[in-house]
Every structure is written in structure tokens, then in C-alpha cells.
Amino acid sequence: MFLSVFVSETELQFLFVPDGIVYPSFQYYGNGPEMYRKGEMPVLDYFNASPKDYRCIFTSGATAALKLIGETFPWNCDSNFMYTMENHNSVLGIREYALSKGAAAFAVDIESPLYRAGANKSDETSIKVSLHQVQQRTEVQSLEREPTGNAYNLFAFPSECNFSGSRFSLDMVNHIKENAEEILGGSQFGMGSWMVLIDAAKGCTTQPPDLLKYPADFVVISFYKLFGYPTGLGALIVRNDAAKILKKTYFSGGTVAASFADVDFVKRRESIEELFEDGTVSYLSIASIHHGFKILNSLTTHAICRHTTSLTIYVEKILLSLRHDNGENSCIIYKSRASKLPYHESGSILSFNLKRSDGSWFGYREVEKLAALSGIQLRTGCFCNPGACAKYLGLSHSDLLSNLEAGHVCWDDNDIVNGKPTGAVRISFAYMSTYEDAKKFIDFITTSFLRKSTEPGNGSLLRTRSIASSSKGLDKRHSSTGYCLKSITIYPIKSCGGFSVESWPLNNSGLKYDREWLLRSLTGEILTQKKVPEMGFISPSIDLNQGIMFVESPRSRVKLQIKLTDSSPGVKEEIELYAKSFEVQQYENEINLWFSNAVGRPCTLLRCSTVKDGVCRNKDRGMSMCRDVGNRLNFANEAQLLLITEESVADLNNKLSLNVQKGTGETSSIPVNPMRFRPNLVVSGGEPYAEDGWRRLEIGSKYFTSLGGCNRCQMVNFVHQDGRVQKSNEPLATIASYRRVKGKILFGILLTYETNDEIELQVGEEVHPTSE
């Protein structure tokens, strides 16, 4: 995308070139405000809104438009804010303004059929609503007062639910404005003047509300949801008579005709746009929307709607038909049960969750992560629509509180709590979506989540090979299998490079000095390769005889030296990491500056001095990644050591080669070096993935316990070569195709050292695993 702007005293030319397609430039003469005001005409035209009745107020987005309504609406103790359960958080936020002024607020369920395009008004069933609990905050309770009937009330609903895709009947605009008291059962909540707000941020992408037919008072939109560009621009379309009742408090430079600095006097602008648009609007972005509307008008919203709906129906039918080999449904789609719409009036989104063959749920985060590896971008969670999320997932208030107490909050990874999903997966289609896109998505779901008869149960794709056994306990040890320790690697600084040794001491934290240091940003964030891949170029090594850690980086000519035993340690502090408390040592500015240059951002080096808590606080791992709950860890994520086998890596490379031969893999992804997995120990001998069945193992005279498979992330897809970081989807995408269990992509096993004795571990020692 290229943007070129030329400005002179008399004209401004704007050339918008999306995706390499050059559109004709156009000119506006005069100053910025005169230019951008012309941008409101295509907006009003799109909604069939006459400039005599409506004005367009540009905002920084749909959320800002909703906030503007909430803070300027004339709430009082007799006012009511009514809204459907299916509303975005940005609409629910208006409730705060209403309640703070003593107004009542309540959610409703709409019991009438949903939107039917082209239906006659006489064919529409009367709007029926059922009220949820009435909310009021102040001591002044409207229920105890005689209603005056002069209050202004507000009803808000989305033209299309962004969770289920359900479209609400736009005829509700007329019903509420004309018959609110009847619809609300003759209660006092129906009295007064009712105004209607339509959240059209989702619905206007395919079916914009016709404001000539459905004269809503307020309509909010977001332009990036229409065109994908520009971001940070939205609009409030407001009826002229509705704008007159809004009470704005704040004023800024462009919103006043005159003001005095030392006297309480201000004369505000009379124009609706000038009164409500604070500061300089993004008039260059506003100019660009002409091109977006040009595209939409050339395609027509009717054609866009038919196109996106056909793709949605196609995917929906396929998903509903998918079955596991035992006949169990694999997909649950969330749609309004009250809807009696024909298929051609469905929305352009599908929200769903996937189930395993045993009836348990796949977590939505698992679906999202695997989709990203396949080049498919999905939205997951509750989509900032808590009412619809709870309604369609069947979550009660007690369920929601229980989830919160279990540590689940918006945007986290807790996708399954107490056996129930906390959100869903959403797929969306737009005018540029194709049948091939839909087919790719279906193939992804079928390949990744549908169990075939050749696969193990419970939705597991992991094929383990249990090691042979002879008798009990240590008698099951392999005495002649040929397992041998091939390499030992220590990673002193968390997420930085490692160094290999022939022998190294073990202590109560695993390999001595392993992940004993970390880097922290100035904002307190712990730096890792996931966010700062350049950390992989930092190469530390430790000389035990000299008692020095040497650190090198291609960005520094100086090899840094850090003494392991500092007679004058720096300032100490406590930090929280993985639900554990650590006492850490800080370093002087010279060392911090070296690392800041090495990673390209300001940071500080910290060393683990003392682990304050001996075990992880959350043994269920709700808030902690830790799995080694009984031993000391430095800054390792889950356990003291990570082990992989050469045979497992060789098998993975064979699969990657086959993918390349089939034309489905990346040539640059093979071969994968064992060090890509950042193991501490590499073992050879035996069958691929034999380590899956190991429970204990003896290396020389040292004993270790297996904590199970290591859950891999996209760090294994980073290749550090020639001073550059290359990223791909491999090998994680291939590993996920056959090494996945309950949302985890497993490769290698985690170990803990069983004793506290400091003893040497040596390359070449025999490895004797046991199955118990």
C-alpha cells in the first residue's frame, strides 16, 4: 500500500494505491475542514440517509462514537437504557453513564423472528421482549417515584450479532419508537421518549440499515470493517433532532465560536459536526474512504451479501456434517434458535466449537494456533460480546464467576474451564473471500480435528511407542538397548543461545547455571525469543575454572565478561514469574547497555539469587506454566531439563522431506537440527519417540524422573542464520499433524534431577530408561 500526498496553498491531491492497484487521484480545494466535510456524503448515501435529516460525525472508531452517545445523552432518574443481550462491550459501556446519573439499565431478549429482507411490515410479528434484572445504582430508585413521562430513554441493538451472525429485525426501530410502552408490557419503563441506537459496525458490511425506512436516531460504524482501511476512523450518524438533545460538556478549539479565558463564558458552534468533532479529524483517512465506497458501490451490497452468505452456508453445511469415526458430531455451531430465516438471509460469520470423539472439547486457542500454522487467521474467544457468549455457550452467572475465580480473563489462554469452553471460534467472510479459502478451511478442520479409525481415542494424535519391559520397577530397565548421552547444552540466559560441553555438574536446580539469568525490559516485561527473536544471536558460555561467563553478540565487538562470584553484588529485588517469587540480583549500567545494544532495545540483566517459593503456587497450572512442582527451578518455564532423541528428530526430518516431495512442505525447512528444540540433553539409540514411554531414567549413576512431553511453541520455527532470523510454519505444523494431545504439540520430554548432590554428567554415558 502506497500513500502519496502533495500539499500546496490551494490544493491537496490524494493518491491511494492499495495492493498495487492505482486508482485515479482526486482534488479538493480549500482547507482541510472544507475538504473532509465532503467525505460525509458517501457515508450518508450508503445508509440512504438524507442530509436534511441526518449528519455524519467522524470519530476515531465505532467505540468512540458509542462513547460520545453515552457521555452526552440526557440521562436522569427517570431514564432507561435498554439493550439486547447480544451487544458488544462498547455498547454495554454506555450503561456506566446511565447508571451514574440514576437511570435504570436492563438487558432484554428479543423473542420475535429475526430480520427478513423485503418482508412487508404487516408480515412482521410484533416485537416481544423479556426483561433481565433491572439495574440501578443511586439511592434514588425510579420504582419509588411517580414517573413524569418526560425522560429520554435509549434502546440499543446490533444490526447483526458479531458472535452468532444473527440479524435483528430493523423494524424494531419503528416498534420501539412508537410502541415502547406496549412492548414492555405497560410498565413504567416504557414511558417517556424512546430513542434507538443501531450498532452497525458488523451489519453494515453486507446489509447497511436503510435509514429512510428505519429512521434510527443513532447509527455507529467502523470503516476498517467495511474496507480494511483506514483504521482508527469511524462515524456516528445522528438524526438532526436527536443531536439537539445531546448535552456536551467538554469543548475544544474547533468546537467553539468564542470563549473567554478568565470568565465563565463560551459560545459553542451551531453546526452538529463542528460541535461534536473535537480536535483535528483524520481528514486524509476520510478522503480515502471515497475509494472504499467506490469499490462497494461497483460490487453492490446485494451481490456482496449473496456472495458471503453462500460461502457461509457452504461451510456451515460441511461442518455440521462432519462426524468422528464413532459417529459423534465434531462441530457445534452457535446460531439463534428463534431464527426462522431462509438460508439466503444468514449472516457472513460462523461461530463454533469443536468436540473430540469422546465428547470433550477442543480449546479454541488450540484451533487458533493450528490455523495460524496453516495460514488461516481466525478470531477466538467471546469477541467482546459477553451477553451473546454466555447465552450461546449456556454459561450461567455462577459459571462466569467460577471461570473468573479460576483465573480466566479476556484474551487469556484459558479456553476450557471445568470442562466447558469459555469462548468460541469465529470464521468471517468478506467480498474478497473465495471458495478456495472456504475449502482450505474445511480441509484444515477435517485433517486436524476429525478422528479417523486409525487414530487413537480421545482426540489424541500422538502415536507413542512404549518401551519393552521385562519385570517390575527397575527390572524394566533397558540393559542393552544402546541408549547413549550424545550432547549436553546449557542455556545460562533465558531465551538466548546455549553452549555445549563434554561434562557438567548437576545440582538442585538441574544443570548448574542453566537459565540462571534473564533480560527484562524497562517496562518490566521478561524478554523471550517469541517477542525478540534476535536474542538467539546472543551466545553465552561459562568457564568454570575462571569463574566467568563470557557473552558474545554480532552486534558488539566486545566480548562481555561477567564474574560468577561477585564480591560486590548489585541491588536485589523480588520479581514474580510463572506464579513463583524470585529474589534477583541487578547489574551495573555498563552490562545493561551491552545487552540493550545486543537486542536492539533497552533492557536489564537479572540473575536468580533465591527462589522464595519452593514450589509453584498453582499446581493445576491455571496461572502457572510450571510442571516441576517439587523441585527448585531457576528461570526455566516448566522443568529443570529437556531431553530429545536423535531418532525422533530423524523421523521428523523424514516427514518433512515427504511433505516437500508431495508439494505441501517448505524446502527450506529441512533438515531440522536437534538444537532447534533447545534441548539440554540429546540421547541416541532405540526407536523414534521411545522417550514418550519413559518414566524414569538413569544416566551413568544419576537418576531423573520424566514429567511427560514438552509442549512446543513457534520458537522452533525460528532459524538464526547469517545474522538474520527466518520464520516459517515448520517444523511445528508437521509436528502438530501427528504429535498433538489435548491441545498440546509434544516433542521431547521434561526431566527433573532426583537428588540434590552436585555430581558431574558426562557425554557418552549410558542411558537406562524405565517404564515406571
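Residues numbered from 1 in each chain as written. Predicted model: local features only at pLDDT ≥ 70, side-chain atom pairs only at ≥ 80, totals over all residues. Heavy atoms only, no water.

Visitor: Would you mind going over the overall build of the chain with me for this structure?
Guide: Check the secondary structure of the chain and you find 18 helices and 40 strands. Burial statistics for the chain: of 772 residues in total, 52% are counted as buried. Pairs at least 24 residues apart make up 70% of the contacts formed inside the chain by residues separated by at least 6 positions. With an accessible surface of roughly 35,300 Å², the chain has 49% of that area assigned to carbon and sulfur atoms. (Helix = DSSP H or I, 4+ residues; strand = E, 2+ residues; numbered from the N terminus. Buried < 20%, exposed > 50% of the residue type's maximum accessible area, 1.4 Å probe, protein only. Contact = heavy atoms within 4.5 Å. Areas by Shrake-Rupley, 256 points an atom, 1.4 Å probe, with all protein chains shown as cover.)

Visitor: Got a minute to help me understand the environment of Ser-285 in this structure?
Guide: Tracing the backbone shows Ser-285 in helix α10 (residues 283-299). When the C-alpha atoms of Ser-285 and Phe-223 are compared, they prove to be 9.8 Å apart, with 62 residues separating the residues in sequence. Residues in contact with Ser-285, not counting those within four places in the same chain, are Pro-230 and Leu-233. For Ser-285, the side chain forms a polar contact with the side chain of Ser-282, separated by 2.9 Å. (Polar contact = N/O pair within 3.5 Å; in protein donor to acceptor, adjacent residues only side chain to side chain.)

Visitor: Help me out: how do you make sense of unusual backbone geometry in this one?
Guide: Glycine aside, residues mostly have negative phi angles, and peptide bonds mostly take the trans form. Omega for the peptide link from Tyr-229 to Pro-230 comes to 0°, which places this bond in the cis form. Positionally, Pro-230 belongs in the loop between α7 (223-227) and β11 (234-239). Not every positive phi belongs to a glycine, and Asn-48 is a case in point at roughly 50°. With respect to the helices and strands, the residue Asn-48 is situated in the loop between α2 (40-46) and β4 (54-59). If you check the backbone angles, Ser-495 has positive phi at about 75° while not being a glycine. With respect to the helices, strands and loops of the structure, Ser-495 is situated in the loop between β20 (484-490) and β21 (499-501). Among the residues examined, Ser-495 registers a relative accessible area of 7% and is labelled buried.

Visitor: In this structure, what is going on with the sheet that holds strand β26 (residues 548-552)? I would like to understand it.
Guide: Hydrogen bonds between backbone atoms are what pair the strands of a sheet, whose relative direction is either parallel or antiparallel. Spatially, three strands are ordered β25-β26-β27 in an open sheet, and the strand pairing comes out antiparallel. One side of each edge strand has no neighbouring strand; the edge strands of this open sheet are β25 (539-543) and β27 (560-563). Ignoring which end each strand starts from, the neighbouring axes of this sheet average 25° apart. Bridge analysis of β26 against β27 gives four bridges, and the strand direction is antiparallel. Counted as the bridge partner of Phe-550 is Gln-561 from β27. Across the face of the sheet, helix α16 (residues 589-599) comes into contact with β26 and β27 while running at roughly 135° to β27. (Pairing = 2+ DSSP bridges. Axes fitted to C-alpha atoms, helices over the stretch in contact; angles between N-to-C directions.)

Visitor: Can you help me understand α10 in this one?
Guide: Spacing of three or four residues puts side chains on the same side of an α-helix, whose turn is 3.6 residues. Along its 17 residues, α10 runs 26 Å from first to last C-alpha, staying within 8% of the 24 Å computed at 1.5 Å per residue. Listed as buried for α10 are Ser-285, Ile-286, Ala-287, Ser-288, Ile-289, His-291, Gly-292, Phe-293 and Leu-296. (Expected span 1.5 Å × (residues − 1).)

Visitor: Can you help me understand the sheet that holds strand β19 (residues 424-428) in this one?
Guide: If you trace the four strands from one edge of the open sheet to the other, you get β14-β15-β19-β16, paired in antiparallel fashion. Sheet topology places β14 (331-333) and β16 (379-381) at the edges, where each strand pairs with a single neighbour. Shown here is a sheet whose adjacent strand axes are inclined to one another by a mean of 30°, direction ignored. Relative to strand β15 (residues 349-354), β14 runs antiparallel, the two sharing three bridges. Within β15, the residue paired with Cys-331 across the bridge is Leu-354.

Visitor: Hey, could you run me through the pairing of strand β6 (residues 104-110) in this one?
Guide: Each regular strand carries side chains that alternate between the two faces of the sheet. Most of β6 sits out of view: seven of its seven residues are buried. Burial of β6 is two-sided: the residues Ala-104, Phe-106, Val-108 and Ile-110 facing one way and the residues Ala-105, Ala-107 and Asp-109 facing the other way are all buried. Examined bridge by bridge, strand β5 (residues 80-84) and β6 share five bridges and lie parallel to one another. Considered in β6, the bridge of Phe-81 is made with Ala-105.

Visitor: Would you mind going over the side chain of Asn-653 with me for this structure?
Guide: Looking at where Asn-653 falls in the secondary structure, it is placed in helix α17 (residues 646-662). For Asn-653, the residues in contact, after removing those within four places along its chain, are Ile-670, Pro-671 and Val-672.

Visitor: Just checking my understanding: could you explain the packing of aromatic side chains for this structure?
Guide: Here the distance between the centres and the angle between the planes together describe a pair of aromatic rings. Applying the stated rule across the entire model yields 29 aromatic pairs. Here Trp-75 and Phe-81 contribute two aromatic rings whose centre-to-centre distance is 5.9 Å and whose plane-to-plane angle is 70°, an arrangement assigned as edge-to-face. Here the two residues Trp-75 and Phe-81 agree in accessibility, since each one is buried. Judged by centre distance (5.9 Å) and plane angle (70°), the ring pair of Tyr-689 and Tyr-738 falls under edge-to-face. Here Tyr-689 is found in the loop between β32 (681-684) and β33 (696-699), whereas its partner Tyr-738 is found in helix α18 (residues 732-738), with 49 residues between them in sequence. Put simply, the rings of Tyr-46, Phe-47, Phe-58, Phe-223, Phe-227 and Phe-293 touch in pairs and so form one group of aromatic residues. Sitting above the plane of the Phe-362 ring, Arg-356 keeps its charged end 4.4 Å from the centroid. We note Lys-559 situated over the ring of Phe-550; from NZ or CZ to the ring centre the distance is 5.6 Å. (Phe/Tyr/Trp six-rings, centres within 6.5 Å; stacked < 30°, edge-to-face > 60°. Lys NZ or Arg CZ within 6 Å of the ring centre and 35° of its normal.)

Visitor: It is not clear to me how α17 should be interpreted in this structure. Could you clarify?
Guide: With 17 residues, α17 ought to run about 24 Å at 1.5 Å a step, and its terminal C-alpha atoms sit 25 Å apart, in line with that. Among all positions in α17, only Glu-647, Ser-648, Val-649, Asp-651, Leu-652, Asn-653, Leu-656 and Asn-659 are buried. Taken together, the buried residues of α17 touch β31 (641-645), β32, α18 and β38 (744-753). Count one or two residues on from α17 and you reach Gly-663, which has phi positive near 85°.

Visitor: What is the right way to look at the environment of Ser-321 in this model?
Guide: Along the chain, the position of Ser-321 falls in helix α11 (residues 301-321). A relative accessible area of 45% places Ser-321 in the partly exposed class. Sequence separation between Ser-321 and Cys-331 is 10 residues, and the spatial gap between their C-alpha atoms is 8.4 Å. At 2.7 Å, the side chain of Ser-321 and the backbone oxygen of Ile-318 are in polar contact.

Visitor: Explain the state of the cysteines here, please?
Guide: When the sulfur atoms of two cysteines share a covalent bond, that bond is a disulfide. This model, assessed by the stated rule, comprises one disulfide. There is a disulfide in this structure between Cys-382 and Cys-389, and the S-S distance comes to 2.0 Å. Residues Cys-382 and Cys-389 are joined through a disulfide that is left-handed, its torsion about the S-S bond being -45°. Residue Cys-382 is classed as partly exposed on the basis of its relative accessible area, which comes to 25%. (Disulfide = S-S within 2.5 Å.)

Visitor: I tried to follow a nonpolar patch on the surface on my own but got confused; where do I start?
Guide: A surface patch of nonpolar side chains, about 280 Å² in accessible area, is lined by Phe-260, Val-263 and Phe-265. Here Phe-260 shows up in the loop between β12 (256-259) and β13 (266-268). (Patch = residues over 30% accessible without salt bridge, like charges linked within 9 Å, V, L, I, M, F, W, Y side chains within 5 Å. Salt bridge = Lys/Arg side-chain N within 4 Å of Asp/Glu carboxyl O.)

Visitor: Can you walk me through the side chain of Ser-166 in this structure?
Guide: Mapped onto the fold, Ser-166 is located in the loop between β8 (152-158) and α6 (172-183). A distance of 2.9 Å separates polar atoms of two side chains, one belonging to Ser-166 and the other to Ser-164.

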